[in-house]
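A structural walkthrough
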Amino acid sequence: MPQATGTFEVKLDAQDLSEKGLSAGIGRMSIDKQFYGELTGFSAGEMLSALTGVQESAGYVALERVNGSLHSRSGSFILQHSGIMARGASQLVISVVPDSGAGDLTGLTGQMTIRNEEGEHTYVFDYSLPEAAPE
């Protein structure tokens with residue numbers, strides 16, 4: 001399975017949910033990312049998070065549309081995030097939404113792993129892509 005690696009910068013902008021009565025434990029943020037490496041481009045999306053009364057227990061979901069180039073093939077696709085942290089033990093799944101690939105990335109499938117080590121964000125993207133984009 002092909003793999004792309006690199007770094008990314010992320011900007012999160014908190015959205016106010018108090019008018020909807022959801023501010024207690026529920027958060028919403030807009031996501032803006034810039035990708036570097038074998039996946040280059042940018043993404044924009046939305047994230048919802050939930051904090052609990054137990055330290056290091058939380059959950060989040062997010063959707064982001066990535067526009068860019070993956071190993072020289074240009075297009076866009078959507079990533080879906082689902083993360084859970086249970087008293088510090090975390091699980092995170094980031095998958096390409098089926099049939100969301102467009103342009104030269106039509107038919108893209110895969111999963112991404114991200115890490116934040118000492119303030120540097122990195123990604124590993126294991127993916128599958130048809131030899132030529134279907135017409």
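Scroll up to find the structure this text is about.
Here goes a summary of the coordinates provided. Keep in mind the model is a prediction, meaning the values are calculated, not measured.

What follows covers the pairing of strand β4 (residues 58-70). Each regular strand displays side chains that alternate between the two surfaces of the sheet. Pairing of strand β3 (residues 39-51) with β4 involves 13 bridges; the strand directions are antiparallel. Opposite Leu48, over in β4, you have Val61 as the bridge partner. As consecutive antiparallel partners, β3 and β4 are separated by six residues, and within that stretch Glu56 has a phi angle of approximately 65°, a positive value. With 13 bridges connecting them, β4 and strand β5 (residues 73-86) associate as antiparallel partners. Bridged to Tyr60 within β5 is Gly83. Linkage of β4 to β5, two consecutive antiparallel strands, is achieved through a turn of two residues, within which His71 is found at a positive phi near 45°.

Right, let's talk about the side chain of Ser76 for a bit. Mapped onto the secondary structure, Ser76 falls in strand β5. We classify Ser76 as buried; its relative accessible area is 9%. If sequence neighbours within four positions are ignored, Ser76 has contacts with Arg65, Val66, Asn67, Ser100, Gly101, Ala102 and Leu105.

What follows concerns the packing of aromatic side chains. All chains considered together, the criterion is met by four aromatic pairs. Measuring from ring centre to ring centre gives 5.7 Å for Phe77 and Phe125, while their planes differ by 15°; the resulting arrangement is stacked. Placement of the pair is Phe77 in strand β5 and Phe125 in strand β9 (residues 120-128), with a sequence separation of 48 residues. Each of the two residues, Phe77 as well as Phe125, counts as buried. Every member of this aromatic cluster is reached through a ring pair, and the members are Phe8, Phe35 and Tyr123. For Lys33, the ring lying beneath its charged end belongs to Phe8, and the centroid distance is 4.8 Å.

In this approach a probe as big as a water molecule rolls over the atoms, and the regions it shows empty are the leftover space. Looking at the largest pocket, its volume works out to about 580 Å³. Forming the boundary of the largest pocket are 24 residues, of which Met47, Tyr60, Gly83, Leu92 and Ile114 lie nearest the centre. Elements with a minimum of two residues in the lining of the largest pocket: β1 (3-15), β2 (26-37), β3, β4, β5, β6 (89-96) and β8 (109-117). Of the residues contributing to the lining of the largest pocket, the split by class is 14 nonpolar, eight polar and two charged.

This next bit is on the environment of Ile84. Here Ile84 is to be found in strand β5. A residue is classified by how much of its surface remains accessible, and Ile84, at 47% relative accessible area, is partly exposed. Along the primary structure Ile84 and Ala58 are separated by 26 residues, whereas in three dimensions their C-alpha atoms are 6.0 Å apart. If we skip the residues at most four places from it in the chain, Ile84 touches Ala58, Gly59, Ala89, Ser90 and Gln91.

With that out of the way, let us pick up the nonpolar core. Membership of the largest hydrophobic core comes to 17 residues, with the highest contact counts inside it found for Leu39, Leu70, Phe77, Leu108, Met112, Tyr123 and Phe125. Counting residues per element, the ones that place at least two in this core are β1, β4, β5, β6 and β9. With three residues, β9 is the largest single contributor of residues to this core.

One pass over the full model with this rule turns up two salt bridges. Notably, a salt bridge pairs Arg28 with Glu46, separated by 3.2 Å at the nearest N-O pair. With Arg28 in strand β2 and Glu46 in strand β3, this residue pair connects regions lying 18 residues apart in the sequence. Residue Arg28 is classed as partly exposed on the basis of its relative accessible area of 28%.

Cut-offs used in this document
- Residues numbered from 1 in each chain as written.
- Predicted model: local features only at pLDDT ≥ 70, side-chain atom pairs only at ≥ 80, totals over all residues.
- Heavy atoms only, no water.
- Pairing = 2+ DSSP bridges.
- Helix = DSSP H or I, 4+ residues; strand = E, 2+ residues; numbered from the N terminus.
- Buried < 20%, exposed > 50% of the residue type's maximum accessible area, 1.4 Å probe, protein only.
- Contact = heavy atoms within 4.5 Å.
- Phe/Tyr/Trp six-rings, centres within 6.5 Å; stacked < 30°, edge-to-face > 60°.
- Lys NZ or Arg CZ within 6 Å of the ring centre and 35° of its normal.
- 1 Å grid on protein atoms, 1.4 Å probe; cavity = no way out; pocket = protein on both sides within 12 Å on 5 of 7 lines; lining within 4 Å.
- Points joined across faces, edges and corners; volume = space filled by probe spheres on them.
- Nonpolar A, V, L, I, M, F, W, Y, C, P; charged D, E, K, R; others polar.
- Core = buried A, V, L, I, M, F, W, Y, C linked by side-chain atoms within 4.5 Å.
- Salt bridge = Lys/Arg side-chain N within 4 Å of Asp/Glu carboxyl O.

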